[in-house]
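Below, each chain spelled out in residue letters.
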Amino acid sequence: MSILIRQGTIICPDNQTLQGDLYIRDGKIAAIAETLNPNELNDDSSTDLQPLQIIEAKGLTLMAGVIDPQVHFREPGLEHKEDLRTASHACAKGGVTSFLEMPNTRPLTITQAALDDKLQRAASKCVVNYGFFIGATAEILPDLLTANPTCGIKIFMGSMHGDLLVDQEEILDRIFSQGDRLIAVHAEDQARIAQRRIEFADSQDPAKHSLIQDNQAALNATKLAVKLSQKYQRRLHILHMSTGEEAEFLREHKPSWVTAEVTPQHLLMNISAYSQIGSLAQMNPPLRSPRDQEILWQALLDGVIDFIATDHAPHTLAEKGLAQTLEQPITVATSRADTILLEPANVPSGMPGVETALALMLTEAMKGRCTVHQVSQWMSGNVAKAYKIAHKGEIRVGWDADLVLVDLHNYKPVRNEDLLTKCGWSSFAGWELTGWADTTIVGGQVVYANGKVNADVRGQALQFG
């Protein structure tokens, strides 16, 4: 497929912007200029036998496609919440052209066989590019060091049960001491969480989640992970950082080989959300205070936090303790009149995010909180660099044509009925956002346009340096 994108605002590297044209041939960015003549673009070296597709992009902004480095797409074993097909369609709608998926599926992704199964499933149904983590266990299986291709090792230091919980320092030390592949940690202190769960056992308030899994639990685990990383000079990535204390610690003690991420919800939501949307605000690590939000924002702006991930982790409304009545749909600021509360003490943590993340961050850019170039670096360029994904994350000639055209001038609300994620709800329902994807391109193929996903497109398995 050859594509000419005409007269868009192109977000180029090094904070450069070009009002101009971009030409795609054989899945790559072949030319960028103020003006390109369609009659002069094709040449004999091209293997493309299809006619040139022209996309008029005046008034739109062209960005590198989002690389979401932390998602839970639930397949295999939990497909009633989400599956690779529905999740990848949601990615395309949200401008996400590549994702890195976590190992807590059923079966767990802790062996080469389980990794191969996921790769085969993705190849058959994903409309965007994909990569998968291998999960660490206390047993330290041999495939942890040899499984390939994988973006890294995922360690749940807390907020987990079963084989994927690795909360003993001596076992963590052994994992950090072996091999050299990237280690990504869910940093929460499981012992502290267990003790505080007992202390708050009698409370039915959804906000108790942020008290049980408190700031100190996060800080304890982050400090331990950094200590082990320094001991072995081991590449470490801290997932979904949520507290001001962690950000301030990293500002003083972050080695050059350590990276960190934050989610849009930790930047834009705080503990007040529990009173508005109840369990739909519950995630791990939990939402924090407005003070934490401000410190996280500053850390992101200063480069202490390197990039953004969604931690897309859908559950059904029934699992969240909300049953839809016949009279009213579930909406933002859900009221008791609209819903039936089922089991508030046992609801799972997590919320969907791939469809809204880019628009959320671009809305903040339009408010002046950051720039569009920064959003592109946080959601694309810095992710590709951290995981050594070649030729992705920036708009450069010769690089992969994974792109998204966004409309920065048209505001519209997040509506549950518009979502493609199988769970069918968003914690941001009702928020007025701009920067929605108009057209998403994966490997030089249009995968989303005119409000529809092209289900025939297939992404590729990502390779990691």
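Because the structure is predicted, anything quoted here is derived from the model rather than measured. Counting of residues starts from 1 at the beginning of each chain's written sequence and follows it residue by residue. Whole-chain, interface and lining totals are the exception, using all residues; otherwise, since this is a predicted model, local features are given only for residues with pLDDT of at least 70 and side-chain atom pairs are given and counted only at 80 or more. Water and hydrogen atoms play no part in the side-chain values, which are based on all heavy atoms of the structure.

Enquirer: Requested: an account of unusual backbone geometry, with residues and values cited.
Expert: A cis amide bond links Asn148 to the next residue, Pro149, at an omega of -5°. By definition, any uninterrupted DSSP run of H or I lasting at least four residues is a helix, any uninterrupted run of E lasting at least two residues is a strand, and each is numbered from the N terminus. Within the secondary structure, Pro149 sits in the loop between α3 (143-146) and β10 (153-156). Of note, the phi angle at Asp26 is positive, near 55°, even though the residue is not glycine. Not every positive phi belongs to a glycine, and Asp311 is a case in point at roughly 55°. Relative to the helices and strands, Asp311 resides in the loop between β14 (307-308) and β15 (322-324).

Enquirer: Any details on the pairing of strand β5 (residues 61-64)? Residues and values, ideally.
Expert: Paired strands, in this sense, are two strands between which DSSP finds at least two bridges. Judged from the 2 bridges that link them, strand β1 (residues 2-11) and β5 form a sheet pairing that is parallel. Bridge pairing in β5 links Thr9 to Thr61.

Enquirer: Explain the packing of helix α8 (residues 244-253) against helix α11 (residues 290-302) to me, using residue names and the numbers behind them.
Expert: Packed helices, taken two at a time, are described by the angle between their axes plus the distance between the axes. Orientation is described by lines fitted to C-alpha atoms, with helices fitted over the stretch in contact, and by angles between N-to-C directions that extend from 0 to 180 degrees. Orientation of α8 relative to α11, taken along the N-to-C sense of each, is 30°, at an axis distance of 8 Å. Considered as vectors, α8 and α11 are oriented roughly parallel to each other. The interaxial crossing formed by α8 with α11 has left-handed handedness. Contacts between α8 and α11 involve Gly244, Glu245, Ala247, Glu248 and Arg251 from the first element and Arg291, Asp292, Ile295, Leu296, Gln298, Ala299 and Asp302 from the second. For this classification, Asp, Glu, Lys and Arg are treated as charged, while Ala, Val, Leu, Ile, Met, Phe, Trp, Tyr, Cys and Pro are nonpolar and the rest, including Gly, are polar. Partitioning the contact of α8 with α11 into residue classes produces 4 nonpolar, 2 polar and 6 charged. Note on angle classes: values under 35 degrees are labelled roughly parallel, values over 145 roughly antiparallel, values of 65 to 115 roughly perpendicular, and the remainder oblique. Put simply, a crossing is left-handed when the front helix is turned counterclockwise from the back one by less than a right angle, and right-handed when it is turned clockwise. The contact definition used throughout considers only heavy atoms, calling two residues in contact when any of these lie within 4.5 Å.

Enquirer: Now, about the packing of aromatic side chains: what can you tell me, with residues and values included?
Expert: Here a pair means two rings of Phe, Tyr or Trp (six-membered ring of Trp) with centres within 6.5 Å. Their orientation is stacked below 30 degrees between planes, edge-to-face above 60, and tilted elsewhere. Going through the model one piece at a time under the given rule, you end up with 7 aromatic pairs. The interplanar angle of 55° and the centroid separation of 6.4 Å between the aromatic rings of Phe307 and Tyr387 together place this pair among those described as tilted. Note that Phe307 is positioned in strand β14 and Tyr387 in the loop between α13 (372-386) and β17 (403-407), a separation of 80 residues in sequence. Each member of the pair Phe307 and Tyr387 is classed as buried. Judged by centre distance (4.8 Å) and plane angle (90°), the rings of Phe428 and Trp431 are edge-to-face. Clustering of aromatic rings is evident, with ring pairs tying together Phe73, Phe99, Tyr130 and Phe132. Only Lys NZ and Arg CZ are tested; either one counts as a charge over a ring when it is within 6 Å of the ring centre and within 35 degrees of the ring normal. Lying over the aromatic face of Phe156, Lys154 brings its terminal NZ or CZ to 3.7 Å of the ring centre. Cation over ring: Lys412 sits above Trp436, and NZ or CZ is 5.6 Å from the ring centre. Relative accessible area decides the class of each residue, using a 1.4 Å probe on protein chains only: under 20% of the type maximum gives buried, over 50% gives exposed, and in between gives partly exposed.

Enquirer: Can you tell me about the packing of helix α4 (residues 169-177) against helix α7 (residues 215-232), naming the residues and giving the values?
Expert: Two numbers describe how α4 lies on α7: the axes approach to 10 Å, and their chain directions differ by 40°. Between α4 and α7, the angle is such that the two are oblique. Seen from above, α4 lies across α7 with right-handed handedness. Where α4 abuts α7, its residues Glu169, Leu172, Asp173, Phe176 and Ser177 lie against Leu224, Ala225, Lys227, Leu228, Ser229, Lys231 and Tyr232.

Keep in mind that these numbers describe shape and distance, not what the molecule does.
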